[in-house]
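Summary of the model geometry
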Amino acid sequence: MSTPLSSDEIATQASKSALRQRIKNTDNPSNADYLDSSDFPEGGITAWSTVLGAFLIQFCGAGYTTSYGVFQDFYTQTYLTNSTPSAIAWIGSVNAFLTFSVGLVSGRLLDRGAFYHVMKIGCLLQCLFLFMLSLAKPNGYYQASLIFLSQGIGSGAAIGLTNVPSIAVVSHHFQRRRAFAMGFVVAGVSMGSILHPIMLNNLINGRLGFANGVRVSAGMIGGLLLIAYLLMHTRLPPQPNAISYTRVLQNSLKDHAYVCACLGIAAFEFGFFFVAFYLQLDSRLHGISNGFSFYSVRLTISNTSSFIGRLTCGIITAYVGIPNTIISCSFISSAVIFAMIGLRSVASVALIGISYGYFSGISIGSLLGMCAAGFFLPSLTFGLGSPICGAVLTSHYFWWRPAVLAGVSGSCEVAFCFWLTSCLGPLG
């Protein structure tokens, strides 16, 4: 004698029956897989190979973007000496902007079932534009335009095509372990920001020179992207109904807390890349040795501290709440940016690298958890912050001007978060 079904089981079967009828009416048999979309594998060779492939995409994509400080220093001192720091900063800023904003397009294509086509095009274009970058010559006619088109626009758009889909496809395979899998994938950015500067600095400033060094870097990235493409697999079918971005935007603008959070993120991101792009150049111009400026600031101290900060932000927010964490860490990060005005010695460079890397890492990790979907507006400030800071820096290198500008922008985020907590109370 069979056991009678509970009311929950009856409701589940009824909902699946209704869903099956709707899928049948669409005359698309492939959508039948949606019936099993709740049965996530939570592991297995296919799932973990997808995670590894996404990790490599982040390592080669956003991880490469955050290494632009090496190029900023090299272009300013050697390759584009006739251009201002502000003009040179536009290259990395446009690259960073496209890395995040193109996700609006590539994410929609993923929903339509074009994952493999998007990844294939993005990986091929990223390799192509890196090889084009190697054709640039120092201070040649139109060379600045070639670098801007290849590294700023071309490479940025290519990375943007692969950035969001590589993260989103992981959610096809995990639900209960999704946080762990996503954390591993995003760690590829931090790993890239640590290892790429070592390779680029030794290749570009070493025996191979800029052209051959960039080609070696492009070849390595091409091989890793090929491996990543072969490792990643989708599981869920295309979404039957596309999401209306207009409707999502209209609903989001009605949520004042959400808008305030987005404005706070945008204010913080305006000055975020100032340290990443200019700290190495600032320390070198103040007489710090090249070896310490690069390895201690860009690698051992700054990026490693940021990596630790992103790992520990979850523990800290669990105790004090997300808004309180953002307010305190953003305030400290802003104070550290102001401290760049007094950068004079090895000790000051080390202290700035440690402090800013750690506390800005916590802020970024907390902001992602608080408002992960609202990063299009911050991507605009990603693209505007560094060039504007470079413009106020000028070719005479008045370092106090961009330090004050970037520090004030971080303070604005603190003000937005104070307003948010005062209106809604503690959220964490």
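Just above, that's the structure.
Just so you know, these numbers come straight off a predicted model, no measurement behind them. (Residues numbered from 1 in each chain as written. Predicted model: local features only at pLDDT ≥ 70, side-chain atom pairs only at ≥ 80, totals over all residues. Heavy atoms only, no water.)

Brief notes about a nonpolar patch on the surface
A grouping of Phe338, Ile341, Phe398, Trp400 and Val408 is seen on the molecular surface, where their side chains present a nonpolar patch of about 420 Å² in accessible area. Here Phe338 lies in helix H14 (residues 322–339). (Patch = residues over 30% accessible without salt bridge, like charges linked within 9 Å, V, L, I, M, F, W, Y side chains within 5 Å. Areas by Shrake-Rupley, 256 points an atom, 1.4 Å probe, with all protein chains shown as cover. Salt bridge = Lys/Arg side-chain N within 4 Å of Asp/Glu carboxyl O. Helix = DSSP H or I, 4+ residues; strand = E, 2+ residues; numbered from the N terminus.)

Section: empty space enclosed by the protein
Scanning all chains against the criterion turns up 5 cavities of 30 Å³ or more. Reported here for the largest cavity is a volume of approximately 210 Å³. Around the largest cavity, the lining comprises 17 residues; the ones closest to its centre are Phe272, Ala276, Asn303, Ser306 and Arg310. Elements with a contribution of two residues or more to the lining of the largest cavity: helix H9 (178–204), helix H12 (256–285), helix H13 (290–320) and helix H15 (346–370). If one sorts the elements of the lining of the largest cavity by residue count, H13 sits on top with 6 residues. (1 Å grid on protein atoms, 1.4 Å probe; cavity = no way out; pocket = protein on both sides within 12 Å on 5 of 7 lines; lining within 4 Å. Points joined across faces, edges and corners; volume = space filled by probe spheres on them.)

Overview of the nonpolar core
Membership of the largest hydrophobic core comes to 45 residues, with the highest contact counts inside it found for Phe71, Tyr75, Tyr79, Ile147, Val170 and Phe210. Setting aside its immediate chain neighbours within four residues, Phe210 contacts Phe71, Phe74, Tyr75, Tyr79, Leu133, Ser134, Ala136 and Ile204. One finds Ala96, Tyr278, Met340 and Val349 within the second-largest nonpolar core, a separate group that totals 25 residues. (Core = buried A, V, L, I, M, F, W, Y, C linked by side-chain atoms within 4.5 Å. Buried < 20%, exposed > 50% of the residue type's maximum accessible area, 1.4 Å probe, protein only. Contact = heavy atoms within 4.5 Å.)

So, the packing of helix H2 (residues 45–60) against helix H10 (residues 209–231)
For the pair H2 and H10, the least separation of the axes is 8 Å and the interaxial angle reads 150°. Between H2 and H10, the interaxial angle falls into the category roughly antiparallel. Of the two elements, H2 crosses H10, and the hand of that crossing is left-handed. Touching Ser49, Thr50, Leu52, Gly53, Leu56, Ile57, Phe59 and Cys60 of H2 are Met220, Ile221, Leu224, Leu225, Ile227, Ala228 and Leu231, all from H10. Its residues assigned to classes, the contact of H2 with H10 comprises 12 nonpolar, 3 polar and no charged. (Axes fitted to C-alpha atoms, helices over the stretch in contact; angles between N-to-C directions. Parallel < 35°, antiparallel > 145°, perpendicular 65-115°, else oblique. Left-handed = near helix turned anticlockwise from the far one by under 90°. Nonpolar A, V, L, I, M, F, W, Y, C, P; charged D, E, K, R; others polar.)

Some points on the side chain of Gln126
Within the fold, Gln126 resides in helix H7 (residues 115–133). Gln126 sits in the buried class, given a relative accessible area of 1%. Contacts of Gln126, omitting those with residues within four sequence positions, involve Cys60, Gly61, Ala158, Ile159, Ile221 and Leu225.

Looking at H14
Taking 1.5 Å per residue as the helical rise, H14 with its 18 residues ought to reach 26 Å, and the 26 Å between its terminal C-alpha atoms agrees with that figure. Residues of H14 that are buried: Pro323, Thr325, Ile326, Ile327, Cys329, Ser330, Ser333, Ser334, Val336 and Ile337. (Expected span 1.5 Å × (residues − 1).)

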